[in-house]
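# A structural walkthrough
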Amino acid sequence: MRRESEPDNTTRGDSGRETGRDFVNSADSALERTYEEPLSLSEFVDRLLEQPALAAHASKYLLDAIEHAGTRTVIEEGEEKRRYRFFDDPWNDGEHAILGNTAVLNRFVDDLRSIAAGRGKEEKILWLDGPTATGKSELKRCLVNGLREYSKTEAGRRYTVEWNVAGVDGDPGLTYGDEPTSDEEDWYESPVQSNPISVFPPAVREELVATLNSRLDDHIPVRADSNLDPFCREAYEYLEEEYRRQGVEDLFSAVSDRKHLRVKNFVVDIGDGIGILHSEDAGQPKERLVGSWMAGMLRELDSRGRKNPQAFSYDGVLSQGNGLITIVEDASQHADLLQKLLNVPDEGRVKLDKSIGMDVDTQLIIISNPDLEAQLDKHADREGQDPLKALKRRLDRHEFAYLTNLSLESELLHRELTDKTEVWDANTWDQLEEWIREPLRISVRSDDDVTERELAPHTIEAAALYSVASRLDVGDLPEDLDLVDKALLFDRGYLRIDEERRDTEEFSFEDDATDGSHGIPVTYTRDVIADLLHEESERFHDELPVQDIIMPRDILDAMANRLSAAPVFSEREISEFEQRVVPVKDHIFTQQETDVLDAIMRDKRVDERTVEEYVEHVYAWSEGETIQNERGERIEPDALQMKIFEIEHLGRFADEDYVGNEPRDAVRGFREEQIITALNRHAWRNRDEEFRVSEINPKEIPIIKSVLGSHDWDDVRRTFEDFDPQQWDNPPDGTETAVIKEQTIRNMQELFEYSEASAELTSRHVMSQVSYKWD
């Protein structure tokens, strides 16, 4: 069979077009890469000696799978963090990615690492807690998808055993009640994914594990403490007894011979290494945990008065999750089981019956909403007599919170409203800002008619920002920041205040702040947007009837006005959230205003090369000598060129601030503080481990960034003397206002992806505010 590392030689049809056979061939190739031919026990041990990590116990295997996917860098709550890509669901284009909560996930992995290494947390049950719509269910799907795909790789192969006892002294062998009709049907796989190492006697197993760990290039050793499951033990003991009766000397070799025992790899999935107990699952505790005895099979097998383990169903959550993970979903619905799980992590054993036990190697994970905490605390007033105290001590809690990053909440809304699930992995903030701002166009069906509705630029941003603002703690706000500033700081890691960059570290926030613990959930926002998309009534914007466009203020008004009708909010929350919409409206208007200004002044923007030359000349002026730039050109400071740039483009100075072309003190101070110091600060932030700077980006200097990217209405007034914003709605033909409006609408479409109609509505809204103060 072709290994994963070998090339895929599948070819397309002779005509170059796909055929049905091509897709069948691709499926064949995928399965060939996934499954191996069964191995004998000795061949399997040889494989382990070459790849000791394949013997990983449950918690180590889960950790290996997470780390195998790699990491990336993100900014959350204003801090740079390393995030495991495993939680981005890369195998499904991010369909079930967990957005945000990176710090929580990292602590989850850290605890998992401690459990895998046996560093004092082996008895812990990992508890994922938090409000609805915070990503806990996505984590469950992410674990299933990630483990399934990892088990298909060479590094992540997972193995179990299957038995064949047919032909020993004429015995028909193990069955589940069906008569075998061929040799292959005589093989029965372990119903609980038993580790092949468990076949060995304990002393030999211990020696093998020690040998594997000596060859393992990892600080976490593998463990193999489990014995064979009862079903496999039945086969082993039967074969051992038969061969002993026949006088065979090498009993273990005879029992584990390839004709009786095979080692096979399997793809991890629900029921095969992953056990999930859903909220709706019912039954007696033992049935839900391990399975049940099948009365018909007990009668058929007739094991002389004892219960034959072949007659057990092994369909409980611990049986399915043996070898990897066991997840109890919506744990408050299974509170009666949690106490019965207390000893599973440290003892690693459960009972099928009073006299029949089964070793389990599984990582226990429970998922709950906040109602489980209430159940656990119902006896708290009894203090030392609390019957749930032992359970609470075993639970290792990880609290998921609502997103407090604007970009992540925007991404989440995109996922809720469209079928686009690719994770936003931007290289720069500017790129991320484009995704946050971009419009959405959604097809809506009603009465057999399909209409395309547009969510104008900044509409998703507005909804996301309002949701995030509702979740932030105002108690630790610095005096010079508002909620929107805090939201932007959490998203970017810095703010620009008075043309100065201020990083998160410069602000003081409380460690016990309640950011993300409550607020507007994404499901509420999604439903409000869905209602607006399907509303039949025509909405009027500034006397312009437009039915197919939803503007940012439409979303914000609807979200605020409908809070009182939503049963999920208390009176206090409604009052609090209604007040928080105002700063969000102000910020979104500023964003729209900036779009309009940039569109009006598009042809007046300074060329980036001109800016770079100015910065180079200032640097040469500061050094007092000729310098060489990155292109190898020699730059001698040109006093006249710097003066012209500072007067015409920066607008900071006038002719009297210079003596001829030489700067006076104010200009000199500006160059030193705003250009040179900012340039050095940027270089320091972007140094590598050896204190080298690969590239200086002049656009990161605050004052230069403002020159390249922003204008104000004074610039418009100076540039277009006859412009009148009061004429904007219907400018007279042939006027300067009419010409500017036509160009602005076109520029908004080209620069920011507005439609003609949304550009019209946005510019009207901005001009209606500007006209009040124009004169």
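Before reading further, recall that the structure is shown in the block above.
Residues numbered from 1 in each chain as written. Predicted model: local features only at pLDDT ≥ 70, side-chain atom pairs only at ≥ 80, totals over all residues. Heavy atoms only, no water.

A separate point is the packing of helix α16 (residues 406-417) against helix α20 (residues 522-534). For the pair α16 and α20, interaxial distance at closest approach is 10 Å and the crossing angle is 50°. Classified by the angle their axes make, α16 and α20 are oblique. Read as a crossing pair, α16 and α20 show a hand that is right-handed. Between α16 and α20, the residues in contact are Glu-409, Leu-412, Leu-413, Glu-416 and Leu-417 and Val-522, Thr-525, Arg-526 and Ile-529, respectively. (Axes fitted to C-alpha atoms, helices over the stretch in contact; angles between N-to-C directions. Helix = DSSP H or I, 4+ residues; strand = E, 2+ residues; numbered from the N terminus. Parallel < 35°, antiparallel > 145°, perpendicular 65-115°, else oblique. Left-handed = near helix turned anticlockwise from the far one by under 90°. Contact = heavy atoms within 4.5 Å.)

The next subject is the packing of aromatic side chains. Overall, the coordinates contain 18 aromatic pairs when judged by the stated rule. Ring centres 5.5 Å apart and planes at 80° place the aromatic pair Phe-86 and Phe-87 in the edge-to-face group. Take Phe-86 and Phe-87: they sit in the same class, and that class is buried. Taking the centre distance of 6.4 Å and the plane angle of 50° together, the rings of Tyr-236 and Phe-252 count as tilted. Pair noted here: Tyr-236 is in helix α7 (residues 230-245) and Phe-252 is in helix α8 (residues 251-255), with a separation of 16 residues, a long-range link. (Phe/Tyr/Trp six-rings, centres within 6.5 Å; stacked < 30°, edge-to-face > 60°. Buried < 20%, exposed > 50% of the residue type's maximum accessible area, 1.4 Å probe, protein only.)

Strands belonging to one sheet form pairs held by backbone hydrogen bonds; the direction of such a pair is parallel or antiparallel. Strand order in the open sheet formed by three strands is β5-β4-β6, and the pairing between neighbours is antiparallel. Looking at which strands have only one partner, the edges of the open sheet turn out to be β5 (188-189) and β6 (261-266). With six bridges connecting them, strand β4 (residues 158-163) and β6 associate as antiparallel partners. Note on β6: the bridge partner recorded for Trp-163 is Leu-261. (Pairing = 2+ DSSP bridges.)

For the rest of this paragraph, the subject is unusual backbone geometry. For Asp-89, which is not glycine, the phi torsion reads 50° and is therefore positive. As for its position among the elements, Asp-89 is in the loop between β2 (79-84) and α4 (102-117). Looking at Asp-89, the relative accessible area reads 0%, which means it is buried. Not every positive phi belongs to a glycine, and Tyr-314 is a case in point at roughly 55°. Within the secondary structure, Tyr-314 sits in the loop between α10 (295-301) and α11 (317-321).

Below, the discussion takes up the pattern of salt bridges. By the definition in use, this model includes 51 salt bridges. In this structure, Arg-47 engages Glu-36 in a salt bridge whose closest nitrogen and oxygen atoms are separated by 3.0 Å. Within this pair, whereas Arg-47 is found in helix α2 (residues 41-50), its partner Glu-36 is found in the loop between α1 (20-34) and α2, the two being separated by eleven residues in sequence. Summarising the burial analysis for this pair, Arg-47 and Glu-36 share the class buried. (Salt bridge = Lys/Arg side-chain N within 4 Å of Asp/Glu carboxyl O.)

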